[in-house]
Amino acid sequence: MKLAQSLGTITFGIGLLFGAAGCATLNNQGSQTLIAKAGDQRTGVKIEVVTADGSYLSSLPSTVVGRSSWTGIEIKVIDPCYDATSFAVPKSLHRAFWANLFFIYGFLIDPATGYLWDYEDRVEVPVRRKASCGA
């Protein structure tokens, strides 16, 4: 009797643990990595990567790291030989978000955490070289 009651309590606890978070939140925590290249395939173009956790400098092509969030990932071209542009990395709903159909309150949790977004794996940042810098 006590064993059955203990197993029932453990099963309830595990169910509560998994049910206390949205499906995308459970499957999409941590950072996502993507490859960013210049649209004209040039290398060495200086950029600033802005994420929910801050910003850092890099150059194209670059491995960009950022966590899933409402603010997303923005790549700014800051190279003096290129027009200053800003590019928002495309994002879509993480496929695990739809599993919330089985845990309805996950539709509230995932948007609250921001983990419902999935970024593209590879992006091309549009760049335009200034005429004053040569070909």
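Residues numbered from 1 in each chain as written. Predicted model: local features only at pLDDT ≥ 70, side-chain atom pairs only at ≥ 80, totals over all residues. Heavy atoms only, no water.

(A) Representation of the pairing of strand β9 (residues 122-125) in the model. Burial along β9 is one-sided: V123 and V125 are buried, and none of R122 and E124, which face the opposite way, are. Note that strand β1 (residues 31-38) and β9 share four bridges and pair parallel. Its bridge partner being in β9, A36 is matched across the sheet by V123. (Buried < 20%, exposed > 50% of the residue type's maximum accessible area, 1.4 Å probe, protein only. Helix = DSSP H or I, 4+ residues; strand = E, 2+ residues; numbered from the N terminus. Pairing = 2+ DSSP bridges.)

(B) Up close: the state of the cysteines. Considering all chains together, one arrives at one disulfide under this definition. Two residues share a disulfide in this structure: C81 and C133, whose sulfurs sit 2.3 Å from each other. Judged by the sign of its S-S torsion, about -85°, the cystine formed by C81 and C133 is left-handed. Of this pair, C81 sits in the loop between β5 (74-77) and β6 (86-88) while C133 sits in the segment after β9, and the two are 52 residues apart along the sequence. (Disulfide = S-S within 2.5 Å.)

(C) Here's a closer look at the pattern of salt bridges. Across all of its chains, the model carries three salt bridges by this definition. Where D40 meets R42, a salt bridge forms, and the shortest distance between an N and an O atom there is 3.1 Å. A relative accessible area of 32% places D40 in the partly exposed class. Residue R42 is classed as partly exposed on the basis of its relative accessible area of 32%. The closest approach of N and O atoms between D53 and R67, which form a salt bridge, is 2.9 Å. You can see D53 sitting in the loop between β2 (45-51) and β3 (54-60) and its partner R67 sitting in strand β4 (residues 62-67), a full 14 residues away along the chain. A residue is classified by how much of its surface remains accessible, and D53, at 57% relative accessible area, is exposed. Under the relative-accessibility criterion, R67 is labelled partly exposed at 27%. (Salt bridge = Lys/Arg side-chain N within 4 Å of Asp/Glu carboxyl O.)

(D) Local environment of the environment of R42. Note that R42 resides in the loop between β1 and β2. When the C-alpha positions of R42 and V127 are compared, they lie 9.0 Å apart, and in sequence the two are 85 residues distant.

(E) Highlighting the nonpolar core. L34, A36, L60, I75, V89, V125 and V127 are the most contacted members of the largest nonpolar core, which has 18 residues in total. Elements with a minimum of two residues in this core: β1, β2, β5 and β9. When neighbours within four sequence positions are excluded, V89 is seen to be in contact with L34, I73, I75, Y119, E120 and V123. (Core = buried A, V, L, I, M, F, W, Y, C linked by side-chain atoms within 4.5 Å. Contact = heavy atoms within 4.5 Å.)

(F) Main features of the side chain of T51. Looking at the element boundaries, T51 is found in strand β2. Excluding anything up to four places from it in sequence, T51 contacts V65, G66, G72 and I73.

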